[in-house]
Amino acid sequence: QLKQYQKQYCRLGIMDVFCDKASKLADSLAKNNQRDFAGMIYSNLLKFPMLKPQFKEKIAIRALEIAEVQGDFVHALARLVDLKMLYRDLGMKKHYAEILLKEEKLLKKIIKDYPSSKVRFKSVSRQIQPVETYTLKMAMTKVDIAKGILRRNPNAALTRLQAAREIFVQFNRTKEINFVDKLLSQIAS
């Protein structure tokens, strides 16, 4: 039924009113311990491309909080990725870097205790990705962090790049290995 309302509001050109009302509904559901439904509404709102950045940030943070309370690391990761993309697009480098570090930490938790992450994953329409997917995401996140600290902290960048390279080698990802090798050569020179 929510989708029908969305279409109606969109047709009338008042999508911001729909988003505000849906957000308030999700807030109310969360306060009444209906976190699953609140999380679903927040998650769907984040898919709207026309959201104002401040609203999108607020929704992503609320959805992240719900996922964390529920111990659903996979959905928490998805909300971190939403925030990461938002901060990247807005040029908010400090926030972007902070989110990358949180993403790395969360990926470690998912990989370390994948069976538990699988049990806590709450979705009505999707399956959890295989652990290998999260392992590759970890490597890519390490590369992104290393790129950001390459000049300021070459030793920390080196450590992350070497760890990422090991993962890429394990999965025979030649393109990524070559990219990491180029970054490693920048540190060496």
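**Regarding the confidence of the model for the chain**
In the predicted model, the chain carries a mean pLDDT of 90, and the fraction of residues at 70 or more is 93%. When the elements of the chain are averaged for pLDDT, helix 1 (residues 2-12) gives the smallest value, 65, and helix 8 (residues 131-149) the largest, 97.

**Side note on a nonpolar patch on the surface**
Together, Phe37, Met40 and Val124 line one region of the surface with nonpolar side chains, adding up to about 330 Å² of accessible area. Along the polypeptide, valine 124 turns up in the loop between helix 7 (114-120) and helix 8. Judged by its relative accessible area of 76%, valine 124 is exposed.

**Examining the packing of aromatic side chains**
Overall, the coordinates contain one aromatic pair when judged by the stated rule. Aromatic side chains tyrosine 114 and tyrosine 134 sit 6.5 Å apart centroid to centroid with 45 degrees between the ring planes, which places their arrangement in the tilted category. Placement of tyrosine 114 in helix 7 and of tyrosine 134 in helix 8 is noted, with a sequence separation of 20 residues between them. In terms of burial, tyrosine 114 and tyrosine 134 fall into one category: buried.

**Quick word on the packing of helix 9 (residues 154-170) against helix 10 (residues 174-188)**
Running from N to C, helix 9 and helix 10 cross one another at 160 degrees; their axes reach a closest spacing of 10 Å. On the basis of the axis angle, helix 9 is roughly antiparallel to helix 10. For the element pair helix 9 and helix 10, the recorded crossing hand is left-handed. Contacts between helix 9 and helix 10 involve Pro154, Ala157, Leu158, Leu161, Gln162, Arg165, Phe168 and Val169 on the former and, on the latter, Glu176, Ile177, Val180, Asp181, Leu183, Leu184 and Ile187. Partitioned by chemical class, the residues of the contact of helix 9 with helix 10 number eleven nonpolar, one polar and three charged.

**Focus on unusual backbone geometry**
Phi is positive for asparagine 33, which is not a glycine, with a value near 60 degrees. Of note, asparagine 33 is situated in the loop between helix 2 (15-31) and helix 3 (35-45). For asparagine 33, a relative accessible area of 53% corresponds to the exposed category. The backbone of asparagine 172 sits at a positive phi, close to 55 degrees, despite the residue not being glycine. Here asparagine 172 is to be found in the loop between helix 9 and helix 10. Classification of asparagine 172 as exposed rests on a relative accessible area of 62%.

**Digging into the pattern of salt bridges**
Summed over all chains, the structure comprises eleven salt bridges. In this structure, aspartate 36 and lysine 122 form a salt bridge, with 3.9 Å as the shortest nitrogen-oxygen distance. You can see aspartate 36 sitting in helix 3 and its partner lysine 122 sitting in the loop between helix 7 and helix 8, a full 86 residues away along the chain. Given a relative accessible area of 38%, aspartate 36 falls into the partly exposed group.

**Looking at the nonpolar core**
With 54 residues, the main nonpolar core has Cys19, Leu45, Tyr134, Leu161 and Phe168 as its most contacted residues. For this core, the secondary structure elements donating two or more residues are helix 2, helix 3, helix 4 (53-69), helix 5 (73-89), helix 6 (93-112), helix 8, helix 9 and helix 10. Among the elements that line this core, the one with the most residues is helix 8, at eight residues. When sequence neighbours within four positions are dropped, the list of residues in contact with leucine 161 reads Val143, Ala146, Leu150, Val180, Leu183, Leu184 and Ile187.

**Quick look at the environment of serine 116**
Here serine 116 lies in helix 7. Using a relative accessible area of 16% as the deciding quantity, one classes serine 116 as buried.

**Thoughts on the environment of leucine 106**
Locating leucine 106 in the fold gives a position in helix 6. For leucine 106, a relative accessible area of 9% translates into the label buried. When the C-alpha atoms of leucine 106 and alanine 76 are compared, they prove to be 8.1 Å apart, with 30 residues separating the residues in sequence. Setting aside residues no more than four positions away along its own chain, leucine 106 makes contact with Phe73, Ala76, Leu77 and Leu80.

Rules of the game
Residues numbered from 1 in each chain as written. Predicted model: local features only at pLDDT ≥ 70, side-chain atom pairs only at ≥ 80, totals over all residues. Heavy atoms only, no water. pLDDT = per-residue confidence, 0-100. Helix = DSSP H or I, 4+ residues; strand = E, 2+ residues; numbered from the N terminus. Patch = residues over 30% accessible without salt bridge, like charges linked within 9 Å, V, L, I, M, F, W, Y side chains within 5 Å. Areas by Shrake-Rupley, 256 points an atom, 1.4 Å probe, with all protein chains shown as cover. Salt bridge = Lys/Arg side-chain N within 4 Å of Asp/Glu carboxyl O. Buried < 20%, exposed > 50% of the residue type's maximum accessible area, 1.4 Å probe, protein only. Phe/Tyr/Trp six-rings, centres within 6.5 Å; stacked < 30°, edge-to-face > 60°. Axes fitted to C-alpha atoms, helices over the stretch in contact; angles between N-to-C directions. Parallel < 35°, antiparallel > 145°, perpendicular 65-115°, else oblique. Left-handed = near helix turned anticlockwise from the far one by under 90°. Contact = heavy atoms within 4.5 Å. Nonpolar A, V, L, I, M, F, W, Y, C, P; charged D, E, K, R; others polar. Core = buried A, V, L, I, M, F, W, Y, C linked by side-chain atoms within 4.5 Å.

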